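Residue-level structure breakdown
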Amino acid sequence: MAIALRGVRKTYKSDHGPVEAVAGVSFDVADGEFVSLLGPSGCGKSTLLMMLAGLEAPSAGHLAVGGQPVAGPRRDAGLVFQDATLLPWLSARENVLFPIRMMRLREEAYRERADRLLATVGLRDFASRRPAQLSGGMRQRVALCRALIHDPAFLLMDEPFSALDAITRDEMGLVLLDLWERSQEPGRRKTGVFITHSIREALLLSDRVLVMGRRPSVLTADVPVPFPRPRAPGVQDTPEFTAIVARLRGMIEHNLRDAA
Amino acid sequence: MSDLATTPVAAAPPARAAVRRAAIGQGALRIGLPLAFAAAVLGAWELLVRLYAVPEVILPAPSAVAARLVSAWPFLLTHAVPTTLEALGGFLLAAALGTALAVLLAYSRLARLALYPNVVFFQLIPKIALAPLFIVWLGIGSTSRLAFSLFIGFFPVVIATATGLAAAPPEMLRLCRAYSASPWQVFTAVRFPYALPFVFSGLKIAVTFAIIGVIVGEFITAQAGLGYLILFAASQAETALILAAIAALCVVGLALYGLVALAERLVLARYGHR
Ligand SMILES: Nc1ncnc2c1ncn2[C@@H]1O[C@H](COP(=O)(O)OP(=O)(O)OP(=O)(O)O)[C@@H](O)[C@H]1O
Ligand SMILES: [Mg+2]
């Protein structure tokens with residue numbers, strides 16, 4: 001499911017007048033590609049993702065998913081936010097099945113898949129637990145499973161690991177990498193857009209990293225990630241990895257300096 | 001990660017018995033201490049009344065009140081029935097109508113703009129002062145007391161429920177939208193369950209208000225009920241009977257509150273945040 005953005009702008013109306021959140025962003029994501037968006041806080045990344053999800057309309061420009069203009073929420077999208085946003089009174093399994101319920105599909109048909117997904121992220125024994133009984137990392141794993149339950153063609157993730165501590169966060173990066181690479185079946189490839197502030201996370205997970213400048217945002221760099229898949233965790237310790245991290249950091253600092 | 005050499009730390013087996021003993025100790029303290037304090041106050045009251053030979057009209061000893069409670073038991077029960085039923089009826093109506101208005105406020109911007117400030121205004125005014133109006137409008141029968149207790153129980157339910165219906169995290173609502181959930185699904189699966197703790201705190205206020213409403217109504221005019229009994233006993237200078245009726249009223253109040261608290265426990269066991 002390829003994604004295309006052309007001259008996308010978004011201006012919010014607020015009490016203090018209009019806020020230009022996104023100013024003319026164009027990029028493509030190929031079918032089966034995983035792309036990270038890296039950029040300073042408030043530069044309009046979440047806004048961009050909401051527009052891709054069909055939850056916000058662009059003020060100008062054009063967004064298309066799978067060749068179709070985005071005209072509202074689509075059922076073949078999976079969403080993950082910064083907070084797990086689980087319903088506290090539902091078990092992990094019921095939370096994973098929540099989209100199925102909301103989409104008025106038969107829950108029984110997906111129960112097995114829910115358990116399988118939970119098992120893949122190491123939560124086999126926690127399926128009946130409620131969120132309060134899970135750690136932050138576990139909750140975010142449940143949210144990942146929930147986003148994947150209906151086998152969406154594309155996955156939109158807005159800083160899904162930002163609220164976690166550093167160690168859990170690294171672990172979750174690997175969980176997502178594994179989940180992603182497993183889910184890429186030939187003929188049914190998923191497309192991913194991942195927002196993060198972490199350069200390392202972006203590099204570990206993505207096929208391509210897009211760098212955004214200060215608000216109102218424009219794209220300032222488009223960096224392909226050369227590491228073949230499936231990737232091992234060790235890739236992060238290679239000199240190539242470190243070199244690209246340094247290059248990206250340089251670009252981001254350059255952006256900030258220009259803006260200042 | 002797992003290939004790191006780890007030295008298992010021999011954890012001491014948790015002293016279960018000690019933990020349980022401590023828990024029981026805490027429980028005993030939480031229940032026992034307030035009871036002991038209340039008993040001490042009653043004891044001091046009894047002692048002082050006897051010591052200074054306070055006349056029973058001014059202040060009967062707890063033992064005298066207890067004796068009256070026993071002797072007037074059937075009588076108190078007869079009067080407790082209308083009070084309880086009217087309060088319960090007023091409360092249930094307040095709960096139903098209050099929730100309904102809160103839902104309207106949550107879903108209609110126009111209704112919210114027009115009504116919510118007025119609801120808050122009514123919540124703030126001393127509604128007791130309006131009781132005589134209800135009697136003027138609805139007569140001296142139980143209808144006026146029911147309506148008045150509905151009236152004062154209504155506002156806390158509306159405000160608490162309306163607040164609760166706005167408590168669902170926006171990201172959760174966004175998620176629902178992304179999965180094209182219908183407004184009814186969002187209401188039943190997300191917004192109302194999120195509101196439940198708020199709803200119950202409103203209901204707990206409403207149930208005590210509903211009883212106050214009935215008693216005030218009975219004070220103004222009634223032929224039966226605990227409020228009526230209290231006024232009647234006061235006119236006869238039967239202080240022990242007043243206190244016995246108040247004790248009966250406490251039982252009614254606790255019972256009704258207990259029912260709501262029990263419902264809360266049951267519902268929040270399913271829809272709570274734990
Ligand atoms: N609903 C809204 N109404 C008005 N302004 C908004 C709204 N949503 C976002 N904005 C503004 O638009 C700008 C971009 O917001 P956005 O959330 O997209 O940034 P972001 O890149 O995701 O930031 P962060 O990295 O902090 O999550 C910000 O200045 C924000 O204040
Ligand atoms: Mg954001």
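Given the structure is predicted, the values throughout are model-derived calculations rather than measurements.

Secondary structure summary: chain A contains 8 helices and 10 strands in total. Computed over C-alpha atoms, the radius of gyration of chain A comes to 18 Å, within 12% of the 18 Å expected from 2.2 N^0.38 for 260 residues, which places it in the range of a compact globule. The principal-axis extents of the C-alpha atoms in chain A amount to approximately 50 × 45 × 40 Å. Burial status across chain A gives 54% buried among its 260 residues.

What follows concerns the pattern of salt bridges. All names here are of chain A. Applying the stated rule across the entire model yields 21 salt bridges over all chains. Between Arg229 and Glu181 there is a salt bridge, with its nearest N and O atoms 3.0 Å apart. Linking Arg229 in the loop between β10 (219–224) and α8 (239–259) with Glu181 in helix α6 (residues 166–183), this pair joins segments that are 48 residues apart in sequence. The partly exposed category is assigned to Arg229, whose relative accessible area is 28%.

This brings us to the interface of chain A and chain B. In this assembly, 27 residues from chain A lie in contact with 22 residues from chain B. Around 2300 Å² of area is buried between chain A and chain B when both sides are counted, 62% of it from carbon and sulfur atoms. Between the two partners, chain A and chain B, sit 9 residue pairs in polar contact (both at pLDDT 80 or more). When contributions to the side of chain A that touches chain B are tallied by element, the ones reaching two or more residues are β6 (77–80), α3 (98–102) and α5 (136–148) of chain A. Top element by residues in the side of chain A that touches chain B is α3(A). It accounts for 4 residues. Within the side of chain A that touches chain B, the residues separate by chemical class into 17 nonpolar, 3 polar and 7 charged.

Turning to the nonpolar core, a few remarks are in order. Grouped together as the largest cluster of nonpolar side chains are 99 residues, with contacts concentrated most on Leu48(A), Phe98(A), Leu203(A) and Val190(B). The biggest single contributor to this core is α5(A), with 7 residues. Not counting chain neighbours up to four residues away, the residues in contact with Leu203(A) comprise Val209(A), Val225(A), Arg231(A), Phe241(A), Ile244(A), Val245(A) and Leu248(A). Formed by 53 residues, the second largest nonpolar core is a distinct cluster that contains Val214(B), Ala245(B), Leu249(B) and Leu256(B).

By a widely used convention, the size of an interface equals the accessible area lost when the partners come together. Residue and element names in this part refer to chain A. For chain A, the domain assignment lists domain 1 (1–76 + 204–260) and domain 2 (82–151 + 168–190). Computed from C-alpha coordinates alone, the two centres of domain 1 and domain 2 are separated by 24 Å. The interface of domain 1 with domain 2 comprises 13 residues on the first partner and 13 residues on the second. In total, about 1100 Å² of surface goes out of reach between domain 1 and domain 2, with carbon and sulfur atoms giving 58% of it. Summed over the three residues of domain 1 that lose the most area to domain 2, namely Gly32, Arg75 and Leu205, the buried surface amounts to 44% of that side. The tally of links from domain 1 across to domain 2 stands at 1 salt bridge. Its residues placed into classes, the side of domain 1 that touches domain 2 shows 5 nonpolar, 2 polar and 6 charged.

To continue, consider the packing of aromatic side chains. All names here are of chain B. Overall, the coordinates contain 19 aromatic pairs over all chains when judged by the stated rule. Geometrically, the ring pair formed by Phe187 and Phe192 is tilted, given 5.5 Å between the ring centres and 35° between the ring planes. Phe192 gets classed as partly exposed once you look at its relative accessible area, which sits at 25%. One aromatic cluster is present, formed by Phe121, Phe122, Phe134, Trp137, Phe148, Phe151, Phe154 and Phe155 through successive ring pairs.

All names here are of chain A. Around ligand 1 there are 12 residues in total, and Ser41, Gly42, Lys45, Ser46 and Thr47 lie nearest to it. For ligand 1, an oxygen atom lies 2.6 Å from a polar atom in the side chain of Ser41. The contact in question runs from an oxygen atom of ligand 1 to an N or O atom on the side chain of Thr47, over 2.5 Å. Compared with its free state, where it exposes 630 Å², ligand 1 has 65% of that area covered by protein.

Another point: the UniProt feature "domain: ABC transmembrane type-1" (unreviewed entry) in chain B. With numbering matched to this structure, UniProt assigns "domain: ABC transmembrane type-1" (unreviewed entry) to residues 80–260 of chain B. Each end of residues 80–260 of chain B is marked by a C-alpha atom, and these two atoms are 19 Å apart; helix forms 86% of the span and strand 0%.

Bringing the sheet that holds strand β1 (residues 3–14) of chain A into the picture now. Residues and elements named next belong to chain A. One open sheet accounts for 4 strands, arranged β2-β1-β4-β5; its pairing is antiparallel. At either end of the open sheet lies a strand with only one pairing partner, and these are β2 (17–29) and β5 (68–69). Two elements, β1 and β2, share 9 bridges in a ladder whose sense is antiparallel. Looking at the pairing, Lys13 lines up with Pro18 of β2. Sheet strands touched by helix α1 (residues 45–52): β1, β2 and β4 (60–65). Its angle to β1, the strand with the most contacts, is close to 115°.

The rules we used
Per chain, the residues get numbers from 1 upward, laid out in the order the sequence is written. Chain labels run from A onward and ligand labels from 1 onward, assigned in the order the entries are written. This being a predicted model, a pLDDT of at least 70 is required before a residue's local features are given, and a value of 80 or more before pairs of side-chain atoms are given or counted; all residues contribute to the totals for chains, interfaces and linings. For the side-chain quantities, the full set of heavy atoms in the structure was used; hydrogens and water were omitted. Each helix corresponds to a stretch of at least 4 residues labelled H or I by DSSP, and each strand to a stretch of at least 2 residues labelled E; elements are numbered beginning at the N terminus. Throughout, the radius of gyration refers to the C-alpha atoms, and the reference size of a globule is 2.2 Å times the residue count to the power 0.38. Summary of the burial criterion: residues with accessible area below 20% of their type's maximum are buried, those above 50% are exposed, and those between are partly exposed, where the area comes from a 1.4 Å probe applied to protein chains only. Salt bridges, as used here, are contacts in which a Lys or Arg side-chain nitrogen is within 4 Å of a carboxyl oxygen on Asp or Glu. Residues are treated as being in contact if the distance between any of their heavy atoms lies within 4.5 Å. Throughout, buried area stands for the accessible area (probe radius 1.4 Å) lost by two parts on being put together, summed over both. Within 3.5 Å is the distance limit for a polar contact, defined as a pair of N or O atoms, with the added protein rule that one can donate a hydrogen and the other accept it, and that residues adjacent in sequence qualify only through two side-chain atoms. Here the nonpolar group is Ala, Val, Leu, Ile, Met, Phe, Trp, Tyr, Cys and Pro; Asp, Glu, Lys and Arg are the charged ones; every other residue, Gly included, is treated as polar. In this text, buried Ala, Val, Leu, Ile, Met, Phe, Trp, Tyr and Cys residues form a nonpolar core when linked through side-chain atoms within 4.5 Å. Where each domain begins and ends is defined by an automated method or by a domain database. Aromatic contacts are taken between Phe, Tyr and Trp rings whose centres are within 6.5 Å, Trp giving its six-membered ring; a plane angle under 30 degrees counts as stacked, one over 60 as edge-to-face, and the others as tilted. Only a single heavy atom is needed: when it lies within 4 Å of a molecule or strand, its residue is near that molecule or strand. Here the open area of atoms and residues is found with the Shrake-Rupley method and a 1.4 Å probe, where only the protein chains shown may cover a residue. UniProt positions are given in the numbering used here, feature names are shortened, and annotations may be inferred rather than shown by experiment. Any two strands between which DSSP finds at least two bridges are classified as paired. In this description, a line fitted to the C-alpha atoms serves as the axis of each element, helices being fitted only across the stretch in contact, and the angle between N-to-C directions of two axes falls anywhere from 0 to 180 degrees.

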